[in-house]
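# Close look at the chain arrangement
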Amino acid sequence: MKTCPSCGKQFDDSVSYCPSCGASMSQSQTGTTMPESRPAPAAPEKDRIVAGILAILLGCLGIQYFYCGKNTAGIVCILISVLSCGIGAAILELLTIIQGVLMLTGTQEAFMEKYVKTNSSFPLF
């Protein structure tokens, strides 16, 4: 068992990064472990089930887009709902119900690729 000098947690000898804080461990000249630079933290993975339920229940407000990190699309949904005096919200709700069902029935990988990892600034549907 190794002890991480950064956070003090113990972990298996075969692990090259601390599972708790992500510090890289390497052997120095004296045989003690020294921390190296930490890898960049990975973006948290979003859950397709949470996003699908948000799309079905609160789709006209664009809450599912805020959850996925697509703030522009969320703001556009709110603007459509408010500026159309509810008519656009009804149409938008029908579309987001379909979107929510597609999120729930697809795979997690497809969800991440389509809704979270896209570089488009306006990925509405």
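Preceding this paragraph is the structure being described.
Now for a description of the structure that goes with this document. Bear in mind the structure is a predicted one, so any value in this text is a computation, not a measurement. (Residues numbered from 1 in each chain as written. Predicted model: local features only at pLDDT ≥ 70, side-chain atom pairs only at ≥ 80, totals over all residues. Heavy atoms only, no water.)

## Let's talk about the overall build of the protein
Within the protein one finds 5 helices and 4 strands. Secondary structure elements in the protein, listed N-terminal to C-terminal, are β-β-β-β-α-α-α-α-α. Looking at the 125 residues of the protein, the share that counts as buried comes to 30%. Across the protein, contacts joining residues at least 24 apart in sequence account for 47% of those joining residues at least 6 apart. Here the protein displays about 7800 Å² of accessible surface, and carbon together with sulfur accounts for 64% of that area. (Helix = DSSP H or I, 4+ residues; strand = E, 2+ residues; numbered from the N terminus. Buried < 20%, exposed > 50% of the residue type's maximum accessible area, 1.4 Å probe, protein only. Contact = heavy atoms within 4.5 Å. Areas by Shrake-Rupley, 256 points an atom, 1.4 Å probe, with all protein chains shown as cover.)

## Quick word on the nonpolar core
It is characteristic of soluble globular proteins that their nonpolar side chains tend to be buried jointly. Formed by Ala51, Ala55, Cys68, Met103, Phe111, Met112, Tyr115 and Val116, the largest nonpolar core amounts to 8 residues. Contributions of two or more residues to this core are made by helix 1 (48-58) and helix 5 (108-116). Take this core: its biggest share by element is 4 residues, from helix 5. Sequence-distant contacts of alanine 55, that is, excluding residues within four places in its chain, are made with Gln64, Glu93, Thr96, Ile97, Gln99, Gly100 and Met103. (Core = buried A, V, L, I, M, F, W, Y, C linked by side-chain atoms within 4.5 Å.)

## Some points on the packing of aromatic side chains
Tallied over the entire structure, the rule returns 1 aromatic pair. Residues phenylalanine 111 and tyrosine 115 carry aromatic rings whose centres are separated by 5.6 Å and whose planes lie at 35 degrees to one another, so their mutual orientation is tilted. Of this pair, phenylalanine 111 and tyrosine 115 both sit in helix 5, 4 residues apart, roughly one helical turn. For the residue pair phenylalanine 111 and tyrosine 115, the accessibility class agrees, reading buried in each case. Geometry around tyrosine 67 places lysine 46 over its ring, the cationic atom sitting 5.1 Å from the centre. (Phe/Tyr/Trp six-rings, centres within 6.5 Å; stacked < 30°, edge-to-face > 60°. Lys NZ or Arg CZ within 6 Å of the ring centre and 35° of its normal.)

## Thoughts on the side chain of glutamine 64
One can find glutamine 64 in helix 2 (residues 63-68). Of the polar contacts made by the side chain of glutamine 64, one reaches the side chain of glutamine 99; its length is 3.1 Å. Excluding its chain neighbours within four sequence positions, the residues that come into contact with glutamine 64 are Ala51, Leu54, Ala55, Leu58, Gly59, Thr96, Gln99 and Met103. (Polar contact = N/O pair within 3.5 Å; in protein donor to acceptor, adjacent residues only side chain to side chain.)

## Digging into helix 3 (residues 71-83)
In this model helix 3 runs 18 Å from its N-terminal to its C-terminal C-alpha over 13 residues, within 8% of the 18 Å that 1.5 Å per residue would give. Among the residues of helix 3, Ala73, Gly74, Cys77 and Ser81 are the ones counted as buried. The buried residues of helix 3 all sit within an arc of 105 degrees when viewed along its axis, so they share a single face. In helix 3, those exposed residues whose orientation departs by more than 90 degrees from the buried face are Val82 and Leu83. Buried-residue contacts for helix 3 involve helix 2 and helix 4 (87-105). Where helix 3 terminates, the next one or two residues include cysteine 85, which has phi positive at roughly 55 degrees. (Expected span 1.5 Å × (residues − 1). Arc of directions from axis to C-beta.)

## A few points about the packing of helix 1 against helix 4
At their nearest, the axes of helix 1 and helix 4 sit 7 Å apart, and the two run at 160 degrees to each other. It follows from the interaxial angle that helix 1 and helix 4 lie roughly antiparallel. Crossing geometry of helix 1 relative to helix 4 is assigned as left-handed. Side by side, helix 1 and helix 4 meet where Arg48, Ile49, Ala51, Gly52, Ile53, Ala55, Ile56, Leu57 and Leu58 of the first sit next to Glu93, Thr96, Ile97, Gln99, Gly100, Val101, Met103, Leu104 and Thr105 of the second. Looking at the contact of helix 1 with helix 4 residue by residue, the class counts come to 11 nonpolar, 5 polar and 2 charged. (Axes fitted to C-alpha atoms, helices over the stretch in contact; angles between N-to-C directions. Parallel < 35°, antiparallel > 145°, perpendicular 65-115°, else oblique. Left-handed = near helix turned anticlockwise from the far one by under 90°. Nonpolar A, V, L, I, M, F, W, Y, C, P; charged D, E, K, R; others polar.)

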